[in-house]
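Next come the chains, spelled out residue by residue.
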Amino acid sequence: TQLLEQSPQFLSIQEGENLTVYCNSSSVFSSLQWYRQEPGEGPVLLVTVVTGGEVKKLKRLTFQFGDARKDSSLHITAAQPGDTGLYLCAGGLSGGSNYKLTFGKGTLLTVNP
Amino acid sequence: GAVVSQHPSRVICKSGTSVKIECRSLDFQATTMFWYRQFPKQSLMLMATSNEGSKATYEQGVEKDKFLINHASLTLSTLTVTSAHPEDSSFYICSASAVLQSQFFGPGTRLTVL
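Residues numbered from 1 in each chain as written. Chains lettered and ligands numbered in written order. Predicted model: local features only at pLDDT ≥ 70, side-chain atom pairs only at ≥ 80, totals over all residues. Heavy atoms only, no water.

Participant: Which residues make up the interface of chain B and chain A, and what values go with them?
Facilitator: Accessible area lost upon the coming together of the parts serves often as the stated size of an interface. Contacts between the two partners involve 20 residues from chain B, matched on the other side by 22 residues from chain A. Measuring nitrogen to oxygen at the nearest pair gives 2.9 Å for the salt bridge that ties glutamate 59 of chain B to lysine 100 of chain A. Taken together, the links from chain B to chain A amount to 5 residue pairs in polar contact (both at pLDDT 80 or more). Of all the secondary structure elements, the ones that give two or more residues to the side of chain B that touches chain A are strand E4 (32–38), strand E5 (44–51) and strand E9 (90–97) of chain B. (Contact = heavy atoms within 4.5 Å. Salt bridge = Lys/Arg side-chain N within 4 Å of Asp/Glu carboxyl O. Polar contact = N/O pair within 3.5 Å; in protein donor to acceptor, adjacent residues only side chain to side chain. Helix = DSSP H or I, 4+ residues; strand = E, 2+ residues; numbered from the N terminus.)

As C-alpha cells, then:
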C-alpha cells in the first residue's frame with residue numbers, strides 16, 4: 001500500500017501570510033496531483049506534476065515535485081480568505097490497465113481576514 | 001470541459017433500504033470511473049474502480065455485495081448501497097477519467113441512513 005503523508009493537517013493563518021504544505025512518501029509516483037475541496041463539494045484539480053523536479057505556478061500557488069518523485073509541496077504566497085479549504089495531494093500509479101490515485105489525509109487551511 | 005455530475009446530491013433513507021447514486025460525465029466519455037468515500041474532515045478513500053462494460057475492481061475491505069457498481073456506458077456509472085445501515089452514512093464521491101493521469105470529480109452525494 002502506497003502511503004502519502006501530508007502535513008500539516010491543520011493550518012490557521014492571517015491574510016497576507018505565506019504557507020507551505022508538504023506531501024511525502026517512500027514510494028515513487030508517476031504523477032502527483034493537488035486538489036482543493038470546499039465543504040460539501042467534490043475536489044477540484046489544481047495541478048498535475050509528472051516530471052521529477054518540476055515546478056508549476058498557478059497565480060499565487062507554486063507546486064513542486066521532488067526529484068525522486070516521492071514528495072511534493074504546495075506554497076501559497078500572500079494567502080487570502082478565499083484560499084480557505086481542504087487541500088489534498090494525490091499520488092498516481094498505474095495498476096494494470098487502471099490508473100489509481102492515493103490521497104494524503106489533507107490539510108485544512110483557514111485564512112483569517 | 002471535464003464536468004462530472006452526481007445525483008442525488010443528498011439522500012436520507014431508512015435503515016435496510018437500498019440507495020442508488022448516479023455519476024455522469026457530461027462532456028466526455030469516461031473509460032474509467034472511480035468511487036470514493038469520505039468521512040467528515042478526512043481524506044478520500046477509494047472504494048472501487050470500474051471500467052465500462054466490465055466488473056468493478058474493489059479495494060480491500062470493501063464489500064462488493066453491499067456496494068454494487070454498474071458502469072453500463074462511457075458516461076454513466078451507478079453505485080447502489082444495498083441494505084443501508086447508519087454506519088454507511090458518508091459522503092460518496094465519484095470521479096471519471098478519459099486519459100491517463102487525469103481524474104475529474106463529481107460534487108459528491110451526502111448519504112444519511114436513519
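Participant: An account of unusual backbone geometry is needed here, citing residue identities and associated values.
Facilitator: A cis geometry characterises the amide bond from serine 7 of chain A onward to proline 8 of chain A, with omega recorded as -10 degrees. The residue proline 8 of chain A is located in the loop between strand E1 (5–7) and strand E2 (10–14) in this model. For the bond running from histidine 7 of chain B to proline 8 of chain B, omega is 0 degrees, close enough to zero to count as cis. Inspection of the secondary structure puts proline 8 of chain B in the loop between strand E1 (4–7) and strand E2 (10–13). A positive phi angle, near 50 degrees, is found at alanine 78 of chain A, a position not held by glycine. Along the polypeptide, alanine 78 of chain A turns up in the loop between strand E8 (71–76) and strand E9 (85–95). Owing to a relative accessible area of 31%, alanine 78 of chain A belongs among the partly exposed residues under this scheme. One non-glycine residue with positive phi stands out, namely serine 83 of chain B, at about 45 degrees. By the secondary structure assignment, serine 83 of chain B is in the loop between strand E8 (76–81) and E9. (Buried < 20%, exposed > 50% of the residue type's maximum accessible area, 1.4 Å probe, protein only.)

Participant: So, the nonpolar core: which residues are in play, and what are the values?
Facilitator: All names here are of chain B. Membership of the largest hydrophobic core comes to 23 residues, with the highest contact counts inside it found for Trp35, Leu79, Tyr92 and Leu111. Elements that contribute at least two residues to this core include exactly E2, strand E3 (19–25), E4, E5, strand E7 (67–73), E8, E9 and strand E11 (109–113). Other than its neighbours up to four places away in sequence, leucine 79 contacts Val19, Lys20, Ile21, Trp35, Phe67, Leu68, Ile69 and Tyr92. (Core = buried A, V, L, I, M, F, W, Y, C linked by side-chain atoms within 4.5 Å.)

Participant: Any chance you could break down the pairing of E7 of chain B for me, citing the residues and the numbers?
Facilitator: Looking along a regular strand, one sees side chains alternate from face to face of the sheet. Residues and elements named next belong to chain B. Sheet analysis places E7 next to E8, joined by 5 bridges and oriented antiparallel. Its bridge partner being in E8, phenylalanine 67 is matched across the sheet by valine 81. The hairpin turn running from E7 into E8, its antiparallel successor, is 2 residues long. (Pairing = 2+ DSSP bridges.)

Participant: Which residues make up the state of the cysteines, and what are the values?
Facilitator: All names here are of chain B. In the structure shown here, the tally under the stated rule is 2 disulfides over all chains. For cysteine 23, the disulfide goes to cysteine 94, at an S-S distance of 2.0 Å. Between cysteine 23 and cysteine 94, the S-S torsion sits near 80 degrees, and that sign places the bridge as right-handed. Here cysteine 23, found in strand E3, pairs with cysteine 94, found in strand E9; they are 71 residues apart in sequence, far enough to count as distant. For cysteine 13, which is in no disulfide, the shortest distance to another cysteine sulfur is to cysteine 94 and amounts to 18 Å. (Disulfide = S-S within 2.5 Å.)

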